[in-house]
Amino acid sequence: MASFSKITQILLISLIFHSTITQAIDEIDDLETYIVHVDPSDTSLEELESWYRSFLGNSNPSRIVHTYKHVIKGFAARLTPDEVAIIQKYDGFLHARPQRQLPLHTTHTPNFLGLHRETGLWEASNYGEGVIIGVLDTGISPDHPSFSDEGMPPPPAKWKGKCELNTTACNNKLIGARYFTFGQGTSLDENGHGTHVAGTAAGSFVAGANSFRRANGTAAGIAPRAHIAVYKVCTDTGHCSESDVLAAMDFAIEDGVDVISLSVGLGQDPFAFNAISLGAYGAVKKGVFVSCSAGNNGPSHGTLSNEAPWVLTVGASTVDRKLLAVALLGNKEGIDGETIIHISNFSQTQLPLIHTGFCISGALKGINARGKIIACDRTEEPFLSVIREARDAGAEAVIIMNDETEGDTKRLGAIGFPTTQVGYSEGLRIKAYINSTSDPTATLSFKGTVIGDARAPIIASFSSRGPSVHSPGILKPDILGPGVNILAAWPVSIEGNANRFVFSSGTSMACPHLSGVAALLKSAHPDWSPAAIKSAIMTTADVVNLAGSPIEDQTLKPANVYATGAGHVNPSRASDPGLVYDLEARDYIPYLCGLSYTDREIGMITQERVNCSQISSIPETQLNYPSFSVLFGSDVQTYTRTVTNVGEANSSYAVKVSAPPGVGVVVEPGRLDFNELRQKLTYQVTFTRDLNGDKFNFSQGFLTWSSTRYEVRSPIVAMMIDWEF
C-alpha cells in the first residue's frame, strides 16, 4: 500500500491540477501527446494507474492516451505546453517530451539459411512450436494462407492476449491482434508491411507461392510453428506512433510473448529518450528477446537506428536467388540484371540502344525513343515515371543502371514493361559500349529464377552502418539477415488473381528473419536468456560467402565490420554455440553509468532508482558483449569477458587471435578448461596500439575460442576516438 505522504500528494495534485485543466479547455488546439516519466519508487503495480492519473486530475481521464507498467514507469497524455510546465513542478516527475513518429524500415530464405524440413534446427526446435512472436507493425491480413493454423497446437497456457478482430479471424497461428491510437480502429493491414514481416518471421507452409511466376515454391516463415501476436502501431501510410510503440511493447510483455519483432526505428536518440530502447530494456528485464532493424540509411558510416546493446540490431543482405534478365549487347557481351516480371516472348532481334541520362520524369523529352531500348541512370526519384514515358513514347524496353551509392544492390519492383535493373559496374560497361560505337544495339533475355549466386550474401547498400553514435564502444549492427527481394505474404494480390505474395526489400525484411531464428532458439533452449540467444547468433555467424570468400558489400569488395557486424546468421550453428556471453538486465547499469547518463535518466531506462556514485561504473567495451569495440584514446586498454559453457561438459578451448592491423592483442589465459555445463570462466584481453604503425580511423580483426567441436568467434574493431565518421 502507498505511504500516507504519497496518497496525500495524489489528492493535492488532483485538486491543484483540476483548475488548470479547466482553464485549458480553450487551448484544446494546442494539445499534443507527451510521454511522461515519473518516479514509481514505492508504488505497487496495482496503484500505478491512480498515481499516473493524479498528475492530470481525476476530472480529465480522457487526456490519458496510454499508461505503462513494464516498459517505462509513466504515461502518455494529450497536454498543452503550459500543463507540462506545471507537471514538471510536482514531486515524482522525471521527464516529459512530445512523442515522435517512427518510420518503417520487407520462399527461398529458410533453405538459404540452412533450414530444411525434418532435419537440423527445424526438427530440433519443432519449427519454433510453443514460442510466441509479437510483431509491432501495420497490422495483419488474418485470412492470408500464411496464417493458417492447420496442424498448429493451441497457444501456451501463459498467453493472456486478446484478438481485436472478429471472432473467427484469430486462430492457433494468429493468436492475438491489438490496435492502438494509430491503428485507425482496426488491426487489419491496409499497408502490407506488417503482413509481410509477420509471414517472414513465422508464416505457415504455403505451396505454390510466387510473384508473377517468379521464385515459385513453398513459402514458410523462419519459425513456421511459432504463434504470432500482432500489435498495430502504424497507420496505413506507414507512420508509427512512439507512444503506441511503448504501449504495444507493454501489452506484449503482459500478454506473454517470447520475442518482439520491430521493423521500425527512431534514428539516433540517446537511450533514455528513445521509445524502442526504453521498451526493449523493459522487455529484456522480463526475459523477452527484442529484434530490431538497423535502418535503411546506408551505406554511410554512423547511420544506425536501434543501437542499444540489449536489442539485436539487424542489417540486410542478399540471398543466392536471382530473377535473371540479361542485357545482350551488340558486341556479344551479356550483362546480368534482374527484374520481377519476365517477358517470355521478347524479341531477340538487336534493337537500337540509347543512353538518356537520369531515370527521371521528362528524361525522354525531345528524344525519339520509338523502337529503341532506353538505358538510364537510377536516382533517388522513383523510376516508374520514366518507364511510363518510355512505354508511351514507343520504346521497346528500359535498362535501369544503378548509381554508385546503390552499387550492386537491386531493389526490385513489379514493372509491367520489359525492364532489367543492373548494378553500377554493369552500368559502366553498358555506357562504355554505347560510347564505343556509332550504332549501339541490345536486346533483353529473360532467364527466370536462378538459384546459387556464389557471391551471396552481399550486404545491401541501404543497410545502415556503424559505428553506434551513442555507444561506439559496442559494435553495431550485431548481425546480418536476408533483406533484399524477399518473397512473403501480402494483403491483396497485385496480379489480379489469387496469389498474395510480393517481393520487398529493407532491413525491415531482415529483422523478422532474426526474430524467427530467435524463436527457434528459444524453443530449442527455453532456459536461455535474451543475451545468451544473441550471443549464440553472433558468435556462430558466417563471415564468408557461398564461394568461401569474405562477405562483400554493394561495391563487390570485402565489407568492413561496421557493415557486417558479427557476420551473417547461421541458425543451425547458433543452436549449438559451445559458449555464450551472458548478461542480466542489471549488468547494463554500470555500463549506463559509464556512459555518463544522469541518475534520473538511468532510472527512466531501468525503472528503478540508481545512484551511480555508489556503483562501480565500467567503460562501454567492458560490457560482457560477444564482440569488442575498442576506442583508442589511451594506447593500452584491458577488458575482461566471461563465457558460459553450454556445449560439452568436459571441454577445453584455446584462443586464436587475428589482431587488427596496428593493434597488439594479448589474451590471458590462452586456454579455458571446463568440467561442467553452465560453468563460467573469465578471460582478459589487453589491446595495445602500435605507435609506430600506420595511422587508421578503424581497424578490424577477431578473437576465437576453439575446441575440438566448436569455434566461438568474436569480431574486434579498434577505432580512433577522434574519428569523425
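Figured I'd write up the structure that's included with this text. Predicted model, so just to flag it, every value in this text is computed and none were measured.

### Section: helix 16 (residues 599-606)
- Burial runs high along helix 16: 6 of the 8 residues are buried.
- Every buried residue belonging to helix 16 is among Glu601, Ile602, Gly603, Met604, Ile605 and Thr606, and all of these are buried.
- The elements touched by buried residues of helix 16 are strand 1 (32-38), strand 4 (93-98), helix 8 (275-285) and helix 15 (588-594).
- Once helix 16 ends, the next one or two residues include glutamine 607, with phi positive near 65 degrees.

### Topic: the sheet that holds strand 1
- Pairing is antiparallel in the open sheet, where 4 strands are placed in the order 2-3-1-4. Strands at the two margins of the open sheet, each flanked by one partner only, are strand 2 (64-68) and strand 4. Averaged over all pairs of adjacent strands, the angle between their axes in this sheet comes to 20 degrees, without regard to strand direction.
- With 5 bridges joining them, strand 1 and strand 4 adopt antiparallel strand pairing. Bridging from a neighbouring strand, valine 36 pairs with alanine 96 of strand 4.

### A closer look at the nonpolar core
- Judged by nonpolar contacts, the single largest core of 122 residues is most densely connected at Ile260, Trp310 and Ile537.
- Per-element accounting of this core gives the leading share, 8 residues, to helix 11 (residues 507-524).
- Apart from the residues within four sequence positions on either side, isoleucine 537 is in contact with Phe289, Leu312, Ile479, Leu514, Val517, Leu521, Val569 and Ala574.
- Counting residues in hydrophobic clusters, the runner-up holds 24 residues, among them Val667, Phe687, Tyr710 and Ile716.

### Details of helix 11
- The terminal C-alpha atoms of helix 11 lie 26 Å apart, and with 18 residues this matches the ideal 26 Å at 1.5 Å per residue to within 8%.
- Most of helix 11 is tucked away, with 16 of its 18 residues classed as buried.

### Regarding the sheet that holds strand 22 (residues 479-482)
- What the 7 strands build is an open sheet, ordered 7-10-6-12-13-14-22; its pairing is parallel. The two strands at the open ends of the sheet, each matched to only one other strand, are strand 7 (174-179) and strand 22. The sheet shows a mean angle of 25 degrees between the axes of neighbouring strands, direction not considered.
- The pairing of strand 7 with strand 10 (residues 227-232) spans 5 bridges and is parallel.

### Section: the packing of helix 6 (residues 193-202) against helix 11
- Where helix 6 meets helix 11, the closest approach of the two axes is 7 Å, and the angle between their N-to-C directions is 35 degrees. The handedness of the crossing between helix 6 and helix 11 comes out as right-handed. Contacts from His193, His196, Val197, Thr200 and Ala201 of helix 6 reach helix 11 at Ser508, Met509, Pro512, His513 and Gly516.

### Some points on the environment of asparagine 499
- Relative to the helices and strands, asparagine 499 is located in the loop between strand 23 (486-489) and strand 24 (501-504).
- For asparagine 499, a relative accessible area of 13% translates into the label buried.
- Sequence spacing of asparagine 499 and glutamine 700 is 201 residues, and the spatial spacing of their C-alpha atoms is 46 Å.
- Not counting the four nearest positions on each side in its chain, asparagine 499 is found in contact with Gly208, Asn210, Ser211, Phe212 and Ser493.

### A look at the state of the cysteines
- The full count for this structure, using the stated rule, is 4 disulfides.
- Shown here is the disulfide that connects cysteine 234 with cysteine 240, its sulfur atoms set 2.1 Å apart. Measuring handedness by torsion sign, the sulfur bridge of cysteine 234 and cysteine 240 sits at about 100 degrees and is right-handed.
- For cysteine 240, a relative accessible area of 0% puts it in the buried group.

### Some details on the environment of threonine 644
- As for its position among the elements, threonine 644 is in strand 27 (residues 636-645).
- Setting aside residues up to four positions removed in sequence, threonine 644 forms contacts with Gly578, Leu579, Val580, Asp582, Arg678, Gln679 and Lys680.

### Considerations on the packing of aromatic side chains
- In total, this model carries 23 aromatic pairs according to the counting rule given.
- Ring geometry for phenylalanine 55 against tyrosine 90: centres 6.3 Å apart, planes inclined by 55 degrees, an arrangement best described as tilted. Residue phenylalanine 55 is located in the loop between helix 2 (45-54) and strand 2, and its partner tyrosine 90 is located in the loop between helix 3 (81-87) and strand 4; the two are separated by 35 residues in the primary sequence. Residues phenylalanine 55 and tyrosine 90 agree in their burial class; the two are buried.
- By the ring-pair criterion, three or more aromatic residues cluster together here, those being Trp51, Tyr52, Phe55, Phe75 and Tyr90.
- The ring of phenylalanine 205 has arginine 117 lying over it, and the distance from NZ or CZ to the ring centre is 3.6 Å.
- Over the face of the ring belonging to phenylalanine 628 we find arginine 641, whose NZ or CZ atom lies 4.2 Å from the ring centre.

### Some points on the pairing of strand 27
- The pairing of strand 25 (residues 579-580) with strand 27 spans 2 bridges and is antiparallel. Note that in strand 27 the partner of valine 580 across the bridge is threonine 644.
- The sheet contact formed by strand 27 and strand 31 (residues 680-689) spans 9 bridges and is antiparallel. Following the sheet pairing, glutamine 637 is matched in strand 31 by phenylalanine 687.

### What about the pattern of salt bridges?
- Scanning the model with the defined rule gives 28 salt bridges in all.
- Residues aspartate 576 and arginine 709 are paired through a salt bridge, measuring 2.6 Å at the closest nitrogen-oxygen approach. Placement of aspartate 576 in the loop between helix 14 (571-574) and strand 25 and of arginine 709 in the loop between strand 32 (698-706) and strand 33 (711-720) is noted, with a sequence separation of 133 residues between them.
- What makes aspartate 576 partly exposed here is its relative accessible area of 28%.
- Here the salt bridges do not stand alone but share partners, grouping Arg97, Arg100, Glu242 and Asp269 into one network.

### Looking at unusual backbone geometry
- Between alanine 456 and proline 457 the backbone carries a cis peptide bond, its omega angle lying at 0 degrees.
- Residue position: proline 457 is located in the loop between strand 21 (441-451) and strand 22.
- Looking along the chain, the bond that leaves glutamate 668 and enters proline 669 is cis, with omega of -5 degrees.
- Checked against the element boundaries, proline 669 lands in the loop between strand 29 (663-668) and strand 30 (671-674).
- We note that asparagine 306 has phi near 55 degrees; this positive angle belongs to a residue other than glycine.
- For asparagine 306, a relative accessible area of 3% puts it in the buried group.
- Although it is not a glycine, lysine 332 sits at a positive phi angle of roughly 75 degrees.
- On the secondary structure map, lysine 332 appears in the loop between strand 15 (321-329) and strand 16 (334-338).

Each value, and the rule that gives it
Residues numbered from 1 in each chain as written. Predicted model: local features only at pLDDT ≥ 70, side-chain atom pairs only at ≥ 80, totals over all residues. Heavy atoms only, no water. Buried < 20%, exposed > 50% of the residue type's maximum accessible area, 1.4 Å probe, protein only. Helix = DSSP H or I, 4+ residues; strand = E, 2+ residues; numbered from the N terminus. Contact = heavy atoms within 4.5 Å. Pairing = 2+ DSSP bridges. Axes fitted to C-alpha atoms, helices over the stretch in contact; angles between N-to-C directions. Core = buried A, V, L, I, M, F, W, Y, C linked by side-chain atoms within 4.5 Å. Expected span 1.5 Å × (residues − 1). Left-handed = near helix turned anticlockwise from the far one by under 90°. Disulfide = S-S within 2.5 Å. Phe/Tyr/Trp six-rings, centres within 6.5 Å; stacked < 30°, edge-to-face > 60°. Lys NZ or Arg CZ within 6 Å of the ring centre and 35° of its normal. Salt bridge = Lys/Arg side-chain N within 4 Å of Asp/Glu carboxyl O.

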